[in-house]
Amino acid sequence: MSTAVPTAPPPVEEAEWQRLSPRMLFIHPVIEIGRALPALAGLFIAGTSHGSPWPGLIGTVVVVALSLTRWFTTRLRITPQQVQLRHGLVRRKSIATARDRIRTVDVTSHLLHRVLGLARVVIGTGSNDRHGGGRLILDGLTLDAATRLRDDLLHRPPIEGTAPAPAVTPGDVELARLDTRWIRYAPFTLSGVVTGLVIWGFYWRLAGEGGVDLARVGPLHAVVHALRAMPTGQRVTVVTLGLVIFVAVTSTVGYVLAFWNFRLIRHPGGTLQVTRGLITTRATSIERRRLVGATISEPLPLRAVGAARVVAVATGLRTGRGAERGGEVLLPPAPLATGVALVRRVLDGTSAATGPLRPHGAAARRRRLVRGVLPGVLLSAVLGVVWAAGGPAWPLAVSGALVLVGLALGVDRAAALAHGRDDGYLVTRGGSLVRRRSVLAEGAIIGWNLRSTFFQRRLGLVSLEATTAAGRQGYHVTDVPAAEATAIVGAISPDLLEQFRSAPPAT
Amino acid sequence: MTDVLLRDPAHLVSRRARAYWLVRALPGWLLIGGVLTAVLVGAGWSTPVTGSIVWTAIGLAVLHLVVMPWWRFRVHRWEVTDTAVYTQSGWFDQERRIAPIARVQTVDIERGPFEQLFGLANVTVTTASARGPLKIHALDRGTAEHIVAWLTERAQTAGGDGT
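Residues numbered from 1 in each chain as written. Chains lettered and ligands numbered in written order. Predicted model: local features only at pLDDT ≥ 70, side-chain atom pairs only at ≥ 80, totals over all residues. Heavy atoms only, no water.

**So, the overall build of chain B**
Inclusion rule: Comment: elements are numbered from the N terminus, with helices defined as DSSP H or I runs of at least four residues and strands as E runs of at least two. We take the radius of gyration over the C-alpha atoms and set the globule estimate at 2.2 Å times the residue count to the 0.38 power. The cut-offs for exposure are 20% and 50% of the maximum accessible area for each residue type, with area from a 1.4 Å probe on protein chains only; residues under the lower value are buried, those over the upper are exposed, and the others partly exposed. Here, two residues are considered to be in contact whenever any of their heavy atoms come within 4.5 Å of each other. Residue exposure ignores everything except the shown protein chains as possible cover, and the areas themselves are Shrake-Rupley values with a 1.4 Å probe. A residue counts as positive if it is Lys or Arg and as negative if it is Asp or Glu; His and the chain ends are not included. Note on charges: their place is set at NZ of Lys, CZ of Arg, CG of Asp or CD of Glu.
Looking only at helices and strands, one finds 4 helices and 7 strands in chain B. Secondary structure of chain B in N-to-C order comes out as β-α-α-β-β-β-β-α-β-β-α. A compact globule built from 163 residues should have a C-alpha radius of gyration of about 15 Å, whereas chain B, at 21 Å, is more than 25% larger. The C-alpha extent of chain B, read off along each of the three principal axes, is 70 × 45 × 30 Å. Taken over 163 residues, chain B has a buried fraction of 40%. The long-range fraction of contacts in chain B, counting pairs at least 24 apart against all pairs at least 6 apart in sequence, stands at 55%. If you sum the accessible surface of chain B, you get close to 8,300 Å²; carbon and sulfur atoms cover 64% of it. When the 16 basic and 13 acidic side-chain charges of chain B are each reduced to a single mean position, those positions are 6 Å apart.

Now the structure itself:
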């Protein structure tokens, strides 16, 4: 049994069902063939080894035909109350979204879309976006229609111009723009590691499904051969150096691709708009009332060079891993001071981004240290026994190093732990490998989770989590003394706490 | 500032909950026991090492099956007021969750095979936050239905879209 509490939007059906742009008939096959490439390549290679190209050709035709059905089976309708989408060949799906539930509208144009003058519109609606449930994807509107739809949905007067990055109309305020000097931070984002893994994965799929071992053909063969000929020390140096250069170069390329032409502007109505991208352009709009905070995020390598990125905390925005994929970047990796200043401007001049925070005290600090060191110590104990029983000594040395790394992490984490309330915002801070300072409007907090392990209870600590419909859905105040956690809840949600407090109200 | 702490939620869950938790934990231990037996028989019984492994596993199982249901029963509590839902759950690790009824989006009752065996039901209350569902496990069926009816009615009068 499931009881949905809010009432369903009233069905008012007057507008006509329409198709997406027929130009999508060019795009779908290309994308689907690209996706099926390793399998198709395998079919072709398997076929030609038997002297026949037919398996590959038939496979390609099937893929193309299936991809075309997507256009023929998709219909959309935009009524004054709803946006409705129907799609699917075998399993018909129908999705409707009430207009007043729309939080964000994201207009993206990939390379092919741009060549054909098309755009993909993603409409975000709130609570279930994190799992991709509440999103409506209209892939293949003309740019013109996409921008009009966005302006229409977000209740703004339409602006002239057809580009996804509209010309700055009078009244628009530019809050940030890419400074080419920021690109020097790109290698420290390590986004190239992901690229490397993707290439590695493609290599394995090709070897597995296509039966092609790239290490046996072409220039790669020569490289492998040359590496085999080197002494071990030299080989390690060369491979390490090669990987470092690879990651640095691909990270930089990734940064430029994602953030070229980055601009953050504020429309007169308060709506924020982020436009960015070199080949794939993307324009994300966030209504001001949906923007309930921001996170300043400093991954360790970026922190080491004094840089940070800023991410919006807004209802209806996906929060994925990797800032490039989500639509929520307010500032690409840039100097920390720029990020802090931006949060201040975006959230109407609040001091919450800079204000002093309360550290969590000695017990919390000890817990961070113990948790940092413990895995290494346990491992060392086991390996020590192994060594005493006649095993090799080097694993013990490695685990000893692990203890030191854990200690450093623990110290750094302990230093990061803090929270504060400032200007109507709850501010949380924590983390070492990725340090985050999050600013969340107190009005956006829905409820509270207070978690404590057996060991935390012995130390009198709890981990407090403020739940919200925006961003990461929950913001943590880790290892805070129990009384202080209750005080935070009481200060922000007095009505909630009042009925469940143990002591009578202080007079 | 005086130290203000949260009190426990007012109500315990069903008295049959202890038996329910005990029975629900059994299959896991039976599986572990089965795998362990298969491995040890395969390796040849009765060295001192295998003996100590078996006794450790049996000891852990008994400890878990005796301590966990009793401990859980002392921790699991719930309370629904005019304006809020408050739950407490867990045993070794414990969690309290508070949410205002005005922000409640859905209320679910769920009865799996173990719940039906003991005439129990689990209630899940969701809010607009993916991190915020409140779960009350092992309630009497009647109590669970009562809670759902109450919450549905209260949430409807509260209105709003819950975000």
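That was the structure; now back to the text.
**Remarks on the nonpolar core**
Basically, it comes down to this: The set of buried Ala, Val, Leu, Ile, Met, Phe, Trp, Tyr and Cys residues whose side-chain atoms join them within 4.5 Å is what this entry labels a nonpolar core.
Judged by nonpolar contacts, the single largest core of 67 residues is most densely connected at Leu264, Val346, Trp448 and Leu464 of chain A. For this core, the element with the most residues is strand β13 (residues 307-314) of chain A, which contributes 6 residues. The next biggest cluster of nonpolar side chains, apart from the first, holds 30 residues, and it includes Phe73, Trp78, Ala99 and Val125 of chain B.

**A word on a nonpolar patch on the surface**
All names here are of chain A. We apply this condition: What makes a patch is a set of residues exposed beyond 30% relative accessible area and free of salt bridges, joined within 9 Å when like-charged and within 5 Å when nonpolar (Val, Leu, Ile, Met, Phe, Trp, Tyr). Here, a salt bridge means any side-chain nitrogen of Lys or Arg that lies within 4 Å of a carboxyl oxygen of Asp or Glu.
On the surface, a cluster of nonpolar side chains totalling about 890 Å² of accessible area is made up of Leu111, Val115, Leu241, Ile245, Val249, Val253, Leu257, Trp260, Leu278 and Ile279. Of all the secondary-structure elements, those providing two or more residues to the nonpolar patch are α4 (111-116) and α8 (232-259). The element contributing the most residues to the nonpolar patch is α8, with 5 residues. On the secondary structure map, Val249 appears in helix α8.

**Brief notes about the packing of aromatic side chains**
So the rule is basically this: Each pair of aromatic rings taken from Phe, Tyr and Trp, with Trp reduced to its six-membered ring, is defined by centres within 6.5 Å and is described as stacked if the planes are under 30 degrees apart, edge-to-face if over 60, and tilted in the remaining cases.
This model, assessed by the stated rule, comprises 12 aromatic pairs over all chains. Ring centres of Trp71 of chain B and Phe92 of chain B lie 6.0 Å apart, and the angle between their planes is 70°; on these two criteria the pair is classed as edge-to-face. With Trp71 of chain B in helix α2 (residues 48-75) and Phe92 of chain B in the loop between β3 (84-90) and β4 (94-100), this residue pair connects regions lying 21 residues apart in the sequence. By relative accessible area, Phe92 of chain B is classed as partly exposed at 34%. Through a chain of ring-to-ring contacts, three or more aromatic side chains come together here, namely Phe454 and Phe455 of chain A together with Trp71, Trp91 and Phe92 of chain B.

**Let's talk about the confidence of the model for chain B**
Residues and elements named next belong to chain B. To be explicit about the condition: Per-residue confidence from the predictor is reported as pLDDT, a score between 0 and 100.
Chain-level statistics for chain B give a pLDDT mean of 87 and a share of 91% at 70 or above. Mean pLDDT in chain B bottoms out at helix α4 (residues 141-158), which sits at 86, and peaks at strand β2 (residues 77-80), which reaches 95. Across the interfaces of the predicted complex, the ipTM metric reaches 0.89, alongside a pTM of 0.79.

**Description of unusual backbone geometry**
Residues and elements named next belong to chain A. The phi torsion at Leu190 lies on the positive side, around 60°, for a residue other than glycine. Structurally, the position occupied by Leu190 is in the loop between β8 (173-177) and α6 (191-209). The residue Asn261 is not glycine, and still its phi comes out positive at about 65°. As for its placement among the helices and strands, Asn261 is situated in the loop between α8 and β9 (263-266).

**Remarks on the sheet that holds strand β12 (residues 291-299) of chain A**
All names here are of chain A. As a reminder, the rule being used: Only when DSSP finds a minimum of two bridges between them are two strands counted as paired.
The sheet built from 7 strands is open, its strands ordered β14-β13-β12-β18-β17-β16-β15 with antiparallel pairing. Each end of this open sheet is capped by a strand with a single partner; those strands are β14 (329-335) and β15 (358-359). As paired strands, strand β17 (residues 425-430) and strand β18 (residues 434-441) are joined by 6 bridges and run antiparallel to one another. Counterpart to Arg429 in the pairing with β18 is Arg437.

**Things to note about the environment of Ala65 of chain A**
Residues and elements named next belong to chain A. The residue Ala65 is located in helix α3 (residues 54-73) in this model. Ala65 sits in the partly exposed class, given a relative accessible area of 41%. For the pair Ala65 and Pro29, spaced 36 residues apart in the sequence, the C-alpha separation amounts to 7.9 Å.

**Some points on the side chain of Arg72 of chain B**
Residues and elements named next belong to chain B. Within the secondary structure, Arg72 is located in helix α2. For the buried Arg72, no salt bridge is present, and the opposite-charge side chain at shortest range is Asp93, 10 Å distant. With residues near it in sequence (within four places) discarded, Arg72 still touches Trp21, Arg24, Gly90 and Trp91.

**Digging into α3 of chain A**
Working note: α-helix, 3.6 residues per turn, so residues spaced by three or four point in the same direction. All names here are of chain A. We count it as follows: The span one expects for a helix is its residue count, reduced by one, times 1.5 Å.
Across its 20 residues, α3 extends 29 Å between first and last C-alpha, which sits within 8% of the 28 Å expected from 1.5 Å per residue. Taken residue by residue, α3 has Gly56, Gly59, Thr60, Val63, Ser67, Trp71 and Thr73 as its buried positions. Against α1 (24-35), α2 (37-49), β2 (75-78) and β3 (82-87) lie the buried residues of α3.

**Examining the packing of α2 of chain A against α3 of chain A**
All names here are of chain A. What counts is decided by this rule: Each axis is a line fitted through C-alpha atoms, taken for helices only over the stretch in contact, and angles between the N-to-C directions span 0 to 180 degrees. For classification purposes, an angle smaller than 35 degrees is called roughly parallel, one larger than 145 roughly antiparallel, one from 65 to 115 roughly perpendicular, and anything else oblique. For this classification, Asp, Glu, Lys and Arg are treated as charged, while Ala, Val, Leu, Ile, Met, Phe, Trp, Tyr, Cys and Pro are nonpolar and the rest, including Gly, are polar.
At their nearest, the axes of α2 and α3 sit 7 Å apart, and the two run at 155° to each other. In terms of axis orientation, α2 runs roughly antiparallel to α3. Along its contact with α2, which presents Leu40, Leu43, Phe44 and Gly47, the element α3 presents Pro55, Gly56, Leu57, Gly59, Thr60 and Val63. Considered class by class, the residues forming the contact of α2 with α3 number 6 nonpolar, 4 polar and no charged.

**A few points about the pattern of salt bridges**
Tallied over the full model, the rule gives 27 salt bridges over all chains. With a closest N to O distance of 3.4 Å, Glu287 of chain A and Arg289 of chain A form a salt bridge. We classify Glu287 of chain A as buried; its relative accessible area is 11%. A salt bridge links Glu79 of chain B to Arg7 of chain B, with the nearest nitrogen and oxygen atoms 2.9 Å apart. Separated by 72 residues along the polypeptide, Glu79 of chain B in strand β2 and Arg7 of chain B in the segment before β1 (11-12) bring together distant segments of the chain.

**A few points about the pairing of strand β11 (residues 281-286) of chain A**
All names here are of chain A. Of all 6 residues in β11, 6 are buried, a share of seventy percent or more. Residues Thr281, Ala283 and Ser285 of β11 are buried on one face, and the alternating residues Arg282, Thr284 and Ile286, pointing to the opposite face, are buried as well. Pairing between strand β5 (residues 104-109) and β11: 6 bridges, direction antiparallel. Across the sheet, Thr104 pairs through a bridge with Ile286, a residue of β11. Where strand β10 (residues 272-276) meets β11, 5 bridges bridge the pair, whose relative direction is antiparallel. Note on β11: the bridge partner recorded for Gln273 is Ser285. Counted between consecutive antiparallel strands, the loop separating β10 from β11 contains 4 residues, among which Gly277 sits at a positive phi close to 115°.

**Quick look at the sheet that holds β3 of chain B**
In a beta sheet, neighbouring strands are held together by backbone hydrogen bonds and run either parallel or antiparallel to one another. Spatial ordering of the open sheet is given by β21(A)-β20(A)-β19(A)-β4(B)-β3(B)-β2(B)-β1(B), a layout of 7 strands whose pairing is antiparallel. At either margin of the open sheet sits one strand with a lone partner, and together these are β21 (474-481) of chain A together with β1 of chain B. As paired strands, β2 of chain B and β3 of chain B are joined by 4 bridges and run antiparallel to one another. Residue pairing for β3 of chain B: Trp78 of chain B is matched across the bridge by Thr87 of chain B. Packing of helix α11 (residues 361-388) of chain A onto the sheet brings it into contact with β20 (461-468) and β21 of chain A, and relative to β21 of chain A it is tilted by some 110°. α2 of chain B contacts β1, β2, β3 and β4 of chain B of the sheet and is inclined by roughly 160° relative to β3 of chain B.

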